[in-house]
Amino acid sequence: MEKFEKLTAIAAPMPLINIDTDMIIPKQFLKTIKRTGLGVSAFYEMRYNLDGSNKPDFVLNKEAYKDANILVAGDNFGCGSSREHAPWALLDFGIRCVISTSFADIFYNNCFKNGILPVIVTEEQLRLLMKDAEKGSNSRMVVDLENQNIETSDGDVITFDVDQHSKHCLINGLDDIGLTLEKVVSIDAFETKMAQSAPWV
Amino acid sequence: MAPRTLYDKIWDAHVAHQADDGTCLLYIDRHLVHEVTSPQAFEGLRMTGRKVRAPEKTIAVPDHNVPTTLDRLKGIDNEESRIQVDALDTNAREFGVVYYPVDDVRQGIVHIIGPEQGWTLPGMTIVCGDSHTATHGAFGSLAHGIGTSEVEHVLATQTLIQKKSKNMKVEITGHLSPGVTAKDITLAVIGETGTAGGTGYVIEYCGEAIRNLSMEGRMTVCNMAIEGGARAGMIAPDETTFKYCNGRPNAPSGKTWDAALDYWKTLFSDGDAHFDKVITMKGENIAPVVTWGTSPEDVLPITASVPAADDFKGGKVAAAQRSLDYMGLTPGTRLQDVTIDAVFIGSCTNGRIEDLRAAAKVVEGKKIQEGLIAMVVPGSGLVRLQAEQEGLADVFKNAGFEWRLAGCSMCLGMNPDQLGPQVRCASTSNRNFEGRQGRESRTHLMSPAMAAAAALTGKLTDVREII
Ligand code: SF4
């Protein structure tokens, strides 16, 4: 997994609430058996017409946001299914950070497993960041995970909370499974205990 | 010991390791696997030379991509779907997990066959790379969806890295009125709390109206906990639960059953346990409901009319306008005047025998509107068999429904069962998102009885006027 330390990038505004995982990546793209290659299909129905041409109004189709690495989005981002194809598609498109007032639980977890930083801010902070994102390619947002803050192009600084374990893994690009297997003795012991106390499991 | 909730008790019983910062390794008792969210996880194991730690606790079944037509055993036409199902077949056999292939009568939607085969039992931790894993919480287990990276993590370690959620209680008091079902309860709750109302919580559903539900009904309620944003939904086990589990193929028997039962009877929230959020609704106040928009929170009683965007506040105004445009609805139209083109009865929300009985009761001896696309898709091969033995299949066929083989089908249309653009469907599934049942298709969520009623009239219909 790619490390996430500090990101200086264009942020795209998506002021819509309840952007669900079906919008981020519709089902016809879930048939892949790989993790990569989903970027061209991200936001498929919002992004393309039925004939495959670009919808000019969609933010990521606009010249100014083509290279955005940050999304600033409305409340409850990523609701819906558990499909990790959603963060895979965002990542493959180039999105490394999503900022919203709230995220659906599973999507939020899935982001961290894939090197994407989801940031939760207050409504007021979101308004500020949304405004900044609307400036287009002239502005750059700086997301600093180490210091847990976001700096707008005007120099406003917003701090955010993040779970320390997830932060540690993201900054160091660590694989959870390797870390967990270091605790295999605890898992063995638990399994032995359960085999006696709850043999029906 | 301090009073604990049901969730607290199951959580405590499964912590295999706790780090100083409170991060836990939660031991997983059952891992359900389907073809869509698992190929990358098995590939990850292969690349790192890891094995499945507990193949006997890992249950795999193809459901999302499988065709539901009678000729499906001759193979899957769509190449990508076929590759995905074949990958599961190869992975299941190579890693030695429990497996129900597509030609096994026990095959079906993963959340239907887990309980049916007795893999799902009270007090367990159950995960699956699928958000509707919440269904299994109906047994008083802690069950939730995970992403593919977590699927790989569970395959390799039989644990999950977790932080505890908060406790939320949803109490439904009293009795349901005739024509009102478990689906109406769960939709009404989401209508009340919104799709983010449960975010960060595990919900325990309780109250007389919940107690009176069958296991099928309880599964319907918990199934949609995720639509309310909750990590999981659960219902304390009781005699109804025990009776359902007893005698299932993978449930314990003899002395082990007795021991299990003794433990299961301790699984309830202590009287003075703390809940961080409490919602109470009166069963009598719940009407048969339908959704009008593209979020499961867009719930209204069938007797209501289509709202206007201005009826809402904040970000919901724009979202509601977008929904109205997408759904092709005019504010002020009576919901009962909305004509439909299709009816889908099935899914892990409402594809169980009781759901089919409820729908069959409404259409028995009658004909559905001509020209409707109408299908009944049983949740599993065994549900299908039972429905045939009970004569329900004939009721549906005589009424004009297609009678299909088991799978996810038109719930999300990864197989050929999809709706065309602007086609409006009365659906017993769980999501009405844009494009969910087919690009630009329009979904109205409702109970099986309500969907059956809509099939008869060709419009959204109040089932109470038919029964
Ligand atoms: S029936 Fe629908 S919601 Fe249930 S597992 Fe299948 S696709 Fe998901």
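Conventions we followed
Residues numbered from 1 in each chain as written. Chains lettered and ligands numbered in written order. Predicted model: local features only at pLDDT ≥ 70, side-chain atom pairs only at ≥ 80, totals over all residues. Heavy atoms only, no water. Helix = DSSP H or I, 4+ residues; strand = E, 2+ residues; numbered from the N terminus. Buried < 20%, exposed > 50% of the residue type's maximum accessible area, 1.4 Å probe, protein only. Lys, Arg positive; Asp, Glu negative; His and termini not counted. Charge placed at Lys NZ, Arg CZ, Asp CG, Glu CD. Pairing = 2+ DSSP bridges. Near = heavy atom within 4 Å. Nonpolar A, V, L, I, M, F, W, Y, C, P; charged D, E, K, R; others polar. Axes fitted to C-alpha atoms, helices over the stretch in contact; angles between N-to-C directions. Contact = heavy atoms within 4.5 Å. Salt bridge = Lys/Arg side-chain N within 4 Å of Asp/Glu carboxyl O. Phe/Tyr/Trp six-rings, centres within 6.5 Å; stacked < 30°, edge-to-face > 60°. Buried area = accessible area lost by both parts, 1.4 Å probe. pLDDT = per-residue confidence, 0-100.

### Some points on the overall build of chain A
Helices and strands together make up the secondary structure of chain A, namely 8 helices and 8 strands. The principal-axis extents of the C-alpha atoms in chain A amount to approximately 60 × 40 × 25 Å. Taken across its 201 residues, chain A has 59% of its residues classed as buried. Taken as two groups, the 20 positive and 29 negative side-chain charges of chain A have centres that lie 4 Å from each other.

### Some thoughts on the pairing of strand 2 (residues 24-27) of chain B
Residues and elements named next belong to chain B. Burial of strand 2 is two-sided: the residues Cys-24 and Leu-26 facing one way and the residues Leu-25 and Tyr-27 facing the other way are all buried. Pairing geometry for strand 1 (residues 15-18) and strand 2, over 3 bridges, is antiparallel. Looking across to strand 2, one finds that Gln-18 is bridged to Cys-24. In this structure, the hairpin formed by strand 1 and strand 2 is closed by a connection of 5 residues, where Gly-22 is found at a positive phi of approximately 90°. Here strand 2 runs beside strand 8 (residues 159-162); their pairing, made up of 4 bridges, is antiparallel. Paired with Leu-26 across the bridge in strand 8 is Leu-160.

### Some words on the site of the ligand
As a matter of local geometry, the ligand sits amid His-64, Ile-109, His-111, Asp-130, His-132, Ser-347, Cys-348, Cys-408, Cys-411, Leu-412, Asn-430 and Arg-436 of chain B. Class assignment of the residues belonging to the shell around the ligand gives a composition of 5 nonpolar, 5 polar and 2 charged.

### Here's the deal with the sheet that holds strand 3 (residues 70-73) of chain A
Residues and elements named next belong to chain A. Taken in spatial order, the 4 strands of this open sheet run 2-3-4-5, and their pairing is parallel. Sheet topology places strand 2 (11-14) and strand 5 (117-120) at the edges, where each strand pairs with a single neighbour. Taking each pair of neighbouring strands and ignoring which way they run, the sheet shows an average axis angle of 20°. Sheet analysis places strand 2 next to strand 3, joined by 4 bridges and oriented parallel. Within strand 3, the residue paired with Ala-12 across the bridge is Leu-71. With respect to the sheet, helix 5 (residues 123-133) is in contact with strand 2, strand 3 and strand 4 (97-100), its orientation differing from that of strand 3 by roughly 130°.

### Topic: the pattern of salt bridges
Applying the stated criterion to the full structure yields 34 salt bridges over all chains. The residue Asp-22 of chain A makes a salt bridge to Arg-436 of chain B at a minimum N-O spacing of 3.6 Å. Within this pair, whereas Asp-22 of chain A is found in helix 1 (residues 21-24), its partner Arg-436 of chain B is found in the loop between strand 18 (424-427) and strand 19 (442-445), the two belonging to separate chains. When its relative accessible area of 4% is taken as the criterion, Asp-22 of chain A is described as buried. Between Arg-384 of chain B and Glu-388 of chain B there is a salt bridge, with the nearest N and O atoms lying 3.2 Å from each other. Residue Arg-384 of chain B and its partner Glu-388 of chain B are both found in helix 14 (residues 381-389); the two are separated by 4 residues, about one turn of the helix. Taking relative accessible area as the criterion, Arg-384 of chain B reaches 13% and is therefore assigned buried. Given a relative accessible area of 33%, Glu-388 of chain B falls into the partly exposed group. Taken together, the salt bridges that share partners define one network made up of Asp-22 and Arg-83 of chain A together with Arg-436 of chain B.

### Examining the packing of aromatic side chains
Under the counting rule described, the total for this entry stands at 19 aromatic pairs over all chains. The interplanar angle of 45° and the centroid separation of 5.7 Å between the aromatic rings of Phe-103 of chain A and Tyr-108 of chain A together place this pair among those described as tilted. Among the residues examined, Phe-103 of chain A registers a relative accessible area of 3% and is labelled buried. Aromatic side chains Trp-257 of chain B and Trp-264 of chain B sit 5.3 Å apart centroid to centroid with 90° between the ring planes, which places their arrangement in the edge-to-face category. Judged by its relative accessible area of 0%, Trp-264 of chain B falls in the buried class.

### Notes on the interface of chain B and chain A
Each partner contributes residues to the interface: chain B has 73 residues there, and chain A has 55 residues. On the chain B side of the interface with chain A, the three residues burying the most area are Gln-40, Arg-53 and Arg-439 of chain B, jointly 14% of the side's total. Viewed at the interface, chain A and chain B are joined by 7 salt bridges. Listing elements by their share of the side of chain B that touches chain A, those giving two or more residues are strand 1, strand 2, helix 2 (39-48), helix 3 (79-95), helix 5 (148-157), strand 8, helix 10 (254-264) and helix 11 (315-327) of chain B. The element contributing the most residues to the side of chain B that touches chain A is helix 5 of chain B, with 7 residues. For the side of chain B that touches chain A, a count of residues per class yields 26 nonpolar, 27 polar and 20 charged.

### A short note on helix 8 (residues 215-223) of chain B
Judged by how many residues are buried, helix 8 of chain B sits mostly within the fold: 9 of 9 residues are covered. All of the buried residues in helix 8 of chain B are Met-215, Glu-216, Gly-217, Arg-218, Met-219, Thr-220, Val-221, Cys-222 and Asn-223 of chain B.

### Considering the sheet that holds strand 2 of chain B
All names here are of chain B. Here we have 3 strands laid out as an open sheet, ordered 1-2-8, and antiparallel in their pairing. Looking along the sheet, the strands with just one partner apiece sit at the ends: strand 1 and strand 8. Adjacent strand axes in the sheet meet at a mean angle of 25° when their direction is disregarded. Running over the sheet, helix 5 touches strand 2 and strand 8 and is turned about 130° from strand 8.

### Details of the confidence of the model for chain B
Mean pLDDT over chain B works out to 97, with 100% of the residues at or above the 70 mark. With pTM at 0.93, the complex prediction returns an ipTM value of 0.91.

### A word on unusual backbone geometry
The backbone phi angle of Asn-18 of chain A is positive, close to 55°, even though this residue is not glycine. Secondary-structure assignment places Asn-18 of chain A in the loop between strand 2 and helix 1. Residues other than glycine seldom take positive phi values, yet Gln-158 of chain B does so here, at roughly 60°. Mapping Gln-158 of chain B onto the fold places it in the loop between helix 5 and strand 8. By relative accessible area, Gln-158 of chain B is classed as buried at 0%.

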